[in-house]
Amino acid sequence: AGQGRVDAEQYLLRLRSSEDALAIARFVIDSAATDTSSFQAAIIMKEVVLRDWAKLPAEARNELKGYIIHHVVQRQEAMPPYLRRQLLQVVCIIIKRGWFEDPPDFFTGFVTFLENLLKDPATRTVGAYIMLALVEEFSTNNRSMVGLSWEFHNKTQAQFVSDGHLKHVFMMLLALFSATVDDIASGVGEEATRQGGAFAWLGPAMEVVTHTIAWDFSGADSKGDVLGSFKSPTKDVITPGVVWRDVFVQPATIDLFYRLYAACRAHTTLSHASRQILVDLAGIRGDVFPNEDAKQAYFEHSLDSVLALISSSQDAAEWTDQAHILQRLVTNFPSNKIRDATLLRSTGAPQHLERICAFTCMLMQGGASDHYAEEALDHMLEAWSFLAVAIQYGGEGPGGALERSVGVFTAKVFRSFVDKCLREAAKEIEEWDQADEDHEDKSLLEERLTAIGCISRLSAADSLPFLEALLRQRIVGIEQSLESESKIAPAELGVVFEQLHWLIRISGHLVADEGEGEVPSIPDSISFLSSRSDPSQGEDPVVSLTSALVGLARLEGLCLGRGRVDLLSPLVVETTTWFLARWSSTFLLPQESHRGVGPPPSLLRLYGPGDGANQVLAFMLEFAASNLTGWTSEDGIASATGSLLLCLASRRPVAKLLIAAPGWAALAAAMPQQIQRSGGVLMSPAALSQTMQALCMSASAEDDDPEQRSTTLRELLGPVVVNPNPS
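Just so it is clear, the structure is predicted and the values come from calculations on it, not from any experiment.

This brings us to the overall build of the chain. If you tally the helices and strands in the chain, you get 34 helices and 0 strands. Counting across all 727 residues of the chain, residues that qualify as buried make up 52%. The long-range share in the chain, meaning contacts at least 24 apart out of those at least 6 apart in sequence, stands at 75%. Only carbon and sulfur atoms are counted for the fraction: they give 53% of the accessible area of the chain, which is about 32200 Å².

Once that is clear, we can look at the layout of surface pockets. For the largest pocket, the calculated volume is near 430 Å³. The wall of the largest pocket is formed by 19 residues, among which Glu514, Gly515, Arg582, Ser585 and Cys647 lie closest to the centre. At the level of elements, helix H26 (570-587) and helix H29 (635-649) are the ones that each hand at least two residues to the lining of the largest pocket. Per-element tally for the lining of the largest pocket: the top contributor is H26, with 5 residues.

Moving on to the packing of helix H17 (residues 349-363) against helix H18 (residues 371-392). Running from amino to carboxyl end, H17 crosses H18 at an angle of 140 degrees, the nearest separation of the two axes being 9 Å. If you check the angle between H17 and H18, you find them oblique. The handedness of the crossing between H17 and H18 comes out as left-handed. Every residue of H18 that contacts H17 at Leu353, Ile356, Cys357, Phe359, Thr360 and Leu363 is listed here: Ala373, Ala376, Leu377, Met380, Trp384 and Leu387. Across the contact of H17 with H18, the residue classes break down as 11 nonpolar, 1 polar and no charged.

With that out of the way, let us pick up the packing of aromatic side chains. Geometrically, a pair of aromatic rings is defined through the distance of the ring centres and the angle of the planes. Scanning the entire structure with this criterion turns up 24 aromatic pairs. Note that Lys96 overlies the ring of Phe138, its terminal NZ or CZ placed 5.4 Å from the centroid. The ring of Trp201 is capped by Arg124, whose NZ or CZ atom sits 5.8 Å from the centre of that ring.

A few words now on helix H5 (residues 81-97). Here H5 is 17 residues long and its end C-alpha atoms lie 24 Å apart, about the 24 Å a rise of 1.5 Å per residue gives. Burial of H5 is extensive: 12 of the 17 residues sit out of reach of the surface. Every buried residue belonging to H5 is among Leu83, Arg84, Gln86, Leu87, Leu88, Val90, Val91, Cys92, Ile93, Ile94, Ile95 and Lys96, and all of these are buried.

Bringing the side chain of His71 into the picture now. Structurally, His71 is set in helix H4 (residues 58-74). Apart from residues lying up to four places away in sequence, His71 is in contact with Ile29, Asp30, Met79 and Leu87.

Along the chain, Ala214 turns up in the loop between helix H11 (202-213) and helix H12 (245-248). Residues Ala214 and Pro240 lie 26 residues apart in sequence; the distance between their C-alpha atoms is 8.6 Å.

As a further point, take the environment of Ile254. Along the chain, the position of Ile254 falls in helix H13 (residues 251-264). Along the sequence, Ile254 and Tyr298 sit 44 residues apart, while their C-alpha atoms lie 8.8 Å from each other. Contacts of Ile254, omitting those with residues within four sequence positions, involve Tyr298, His301, Ser302 and Ser305.

Another point: the pattern of salt bridges. By the definition in use, this model includes 25 salt bridges. A salt bridge links Glu101 to Arg61, with the shortest nitrogen-to-oxygen separation between them at 3.8 Å. Of this pair, Glu101 sits in the loop between H5 and helix H6 (106-119) while Arg61 sits in helix H4, and the two are 40 residues apart along the sequence. Residue classification places Glu101 among the partly exposed residues on the basis of a relative accessible area of 46%. Arg61 gets classed as buried once you look at its relative accessible area, which sits at 9%. Here Glu101 ties to Arg97 by a salt bridge, and the two come within 3.3 Å at their closest N and O atoms. A single salt-bridge network, built from bridges that share partners, covers Glu374, Asp378, Lys420, Glu424 and Arg448.

Counted according to the given criterion, the structure contains 0 disulfides. Of all cysteine sulfurs, the one in Cys361 lies closest to Cys357, which takes part in no disulfide; the gap is 4.1 Å.

Now for helix H8 (residues 150-162). With 13 residues, H8 extends 18 Å from end C-alpha to end C-alpha; this agrees with the ideal 18 Å at 1.5 Å per step. For H8, the complete set of buried residues consists of Phe152, His153, Asn154, Thr156, Gln157 and Phe160. Buried-residue contacts for H8 involve H5, H6, helix H7 (124-138) and helix H9 (165-187). Of the residues flanking the end of H8, it is Gly164, one or two places downstream, whose phi is positive at about 85 degrees.

With that settled, consider the packing of H26 against H29. Two elements in contact, H26 and H29, have axes whose closest approach is 9 Å; the angle formed by their N-to-C orientations is 10 degrees. Between H26 and H29, the crossing angle belongs to the class labelled roughly parallel. Residue-level inspection shows Pro570, Val573, Glu574, Thr577, Leu580, Ala581, Ser584 and Ser585 of H26 in contact with H29, the latter providing Gly636, Ile637, Ala640, Thr641, Leu644, Cys647 and Leu648. Across the contact of H26 with H29, the residue classes tally to 9 nonpolar, 5 polar and 1 charged.

With that settled, consider the environment of Val111. Relative to the elements of secondary structure, Val111 occurs in helix H6. A relative accessible area of 1% places Val111 in the buried class. Distance in space between the C-alpha atoms of Val111 and His165 is 8.3 Å, their sequence separation being 54 residues. Setting aside chain neighbours within four positions, we find Val111 in contact with His168 and Met172.

Looking at the chain, the pLDDT average stands at 84 and 85% of residues meet or exceed 70. For the chain, the element scoring lowest by mean pLDDT is helix H34 (residues 706-722), at 63; H26 scores highest, at 95. Within the model, the stretch residues 336-340 combines pLDDT values under 50 with 9 contacts to residues more than four positions away or in other chains. Taken together, the stretch residues 432-440 has pLDDT below 50 and engages in 12 contacts with residues farther than four places along the chain or on a different chain.

Positive phi is not limited to glycine here, since Glu485 has a value of about 55 degrees. Relative to the helices and strands, Glu485 is located in the loop between helix H22 (460-484) and helix H23 (490-511). The class for Glu485 is exposed, based on a relative accessible area of 66%.

Calculation criteria
- Residues numbered from 1 in each chain as written.
- Predicted model: local features only at pLDDT ≥ 70, side-chain atom pairs only at ≥ 80, totals over all residues.
- Heavy atoms only, no water.
- Helix = DSSP H or I, 4+ residues; strand = E, 2+ residues; numbered from the N terminus.
- Buried < 20%, exposed > 50% of the residue type's maximum accessible area, 1.4 Å probe, protein only.
- Contact = heavy atoms within 4.5 Å.
- Areas by Shrake-Rupley, 256 points an atom, 1.4 Å probe, with all protein chains shown as cover.
- 1 Å grid on protein atoms, 1.4 Å probe; cavity = no way out; pocket = protein on both sides within 12 Å on 5 of 7 lines; lining within 4 Å.
- Points joined across faces, edges and corners; volume = space filled by probe spheres on them.
- Axes fitted to C-alpha atoms, helices over the stretch in contact; angles between N-to-C directions.
- Parallel < 35°, antiparallel > 145°, perpendicular 65-115°, else oblique.
- Left-handed = near helix turned anticlockwise from the far one by under 90°.
- Nonpolar A, V, L, I, M, F, W, Y, C, P; charged D, E, K, R; others polar.
- Phe/Tyr/Trp six-rings, centres within 6.5 Å; stacked < 30°, edge-to-face > 60°.
- Lys NZ or Arg CZ within 6 Å of the ring centre and 35° of its normal.
- Expected span 1.5 Å × (residues − 1).
- Salt bridge = Lys/Arg side-chain N within 4 Å of Asp/Glu carboxyl O.
- Disulfide = S-S within 2.5 Å.
- pLDDT = per-residue confidence, 0-100.

Okay, structure coming up:
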């Protein structure tokens, strides 16, 4: 502290520039009483090697490498990791700096030296750490800043791979794992893997494997980044290339790493590291596979292995990585034709799907609501949604045999997801009542809705009636309370509102897509279900679900009108408004699908041109007006209602109907009073702004007739201009 620290820093600066810095650094390393002094000496040694490289003959450099390795071996049980890492980095920098100066067979001899270190149990740990230091030094993303040019880094890295050194290191470790896996299974433990333990080498060895599998094999020329970028390559897709076929595309390699995981399963740190290797192996693709048959065989063997692992799993900590492996296998092995997709043409496809489905549903059971299950569920929903999209848009079309066979399992996944949402809704209320801040963030659940909406469409004939029944059960309870003027316990009603919120959200994602700048068409599976509905067997499921939600919207207005605010929830009103906006973008004046298929006759009759569309629009405007005047203090409802009006006005065919709708004219007539902020029920400023924008936007429907557009603007907004705000 104080002056002593200043003096020490000045001494280090003088030492770094000294001609005898290297000798002094070695002396400190040999005799220092503290490891931090040795660490500073190792840093000086690295700087001197790079600065005075030209002054150091090859013999001196080789002697220095040998000295460092000998020192690390001698002190391996007592040396702290940070000091060992710094010293071995010096060794690797010497190797890298002399890469193009040393004899061609130099590194081959060094690898032989490493092999000897690995063979001897007494030096195996040091050998593994040297391997790790080498791989980190030559890799794209873990290179040290040693004052060398990026071109030099790239050239040495490319030659390290092209000359087969990376593969040789990897194969050495495979042989070591194979020879010791049985011993690991019987002897691995926390003590054995600590520094100085018999299996202390396992940690660095697994790190080397992880670095190797996730290596950026693309080369600097094909990355597309600025030279010297630290941008990490994606690890979701790993493309090792043709030269690695004899290593990766082998059942024995997969089996070895699953055996290694089984051997380390009881060890927290090593089990996680070995699972990461299995996750990476599921991401391999590209020309490492010689043909489609090899790819299919790799997929099936990997799938059988991870499903067997899941069957024997009793530890929730394993779920996330197991699900990640499944997700990568499903999404990483697509095919040009979905009916030939890797998963669906596997020999045990029905059994595989059944087991994957069971695992997914298990993650959503009541007792599996911890963070491991939640992370795992995200992976599984991604896998199922990928499969659902591929089937729906893969060429077979809705209603095909493939959709029916997979739909059996997606129906189970969907029902489990809805049940989970209903349980979580009740849990949310309980936790809020207890002022518990650890309740689940709704945004996390919201992110899954797009996936589950897509998944549920493969089994739309089951999903829609299921949702409708759950919605009506809760709506009927509110209706009965309104008619009988009875009360519902606040806690019970809170659960009903929270459940309604999620049921409405799920319904919206099931029946319609978000336009993302375009007018969405009715999803093919929904359109197909509607077109195949038999009136003699009951109402069209699509119409029936829509009617239930429209009934809820009418009920909300009725409760508001009768003053039964105890039966109302701002959250449910906002969510209902969101649904109507999403629904209207797709079903009001429905368009042809991207496949060129027109809307089903039943939907066209109810929501298409003519009385159907006019009646829907009249209801929408009545509902919006009720929201704007009845919920002025609720910003969420105001924003959702403004979005609904903008959604209607932004579509030209709908806007033309709006212009002629009495409700639209009534909304425009109310604007002067709203702008003047005088008397009556006033909208929030945000809602007023959105409403004015929607009114102006609707006039654009007359783009083909400028004179008519001007007339429309005068009719809608003339009162606003004539009665400006006096202030």
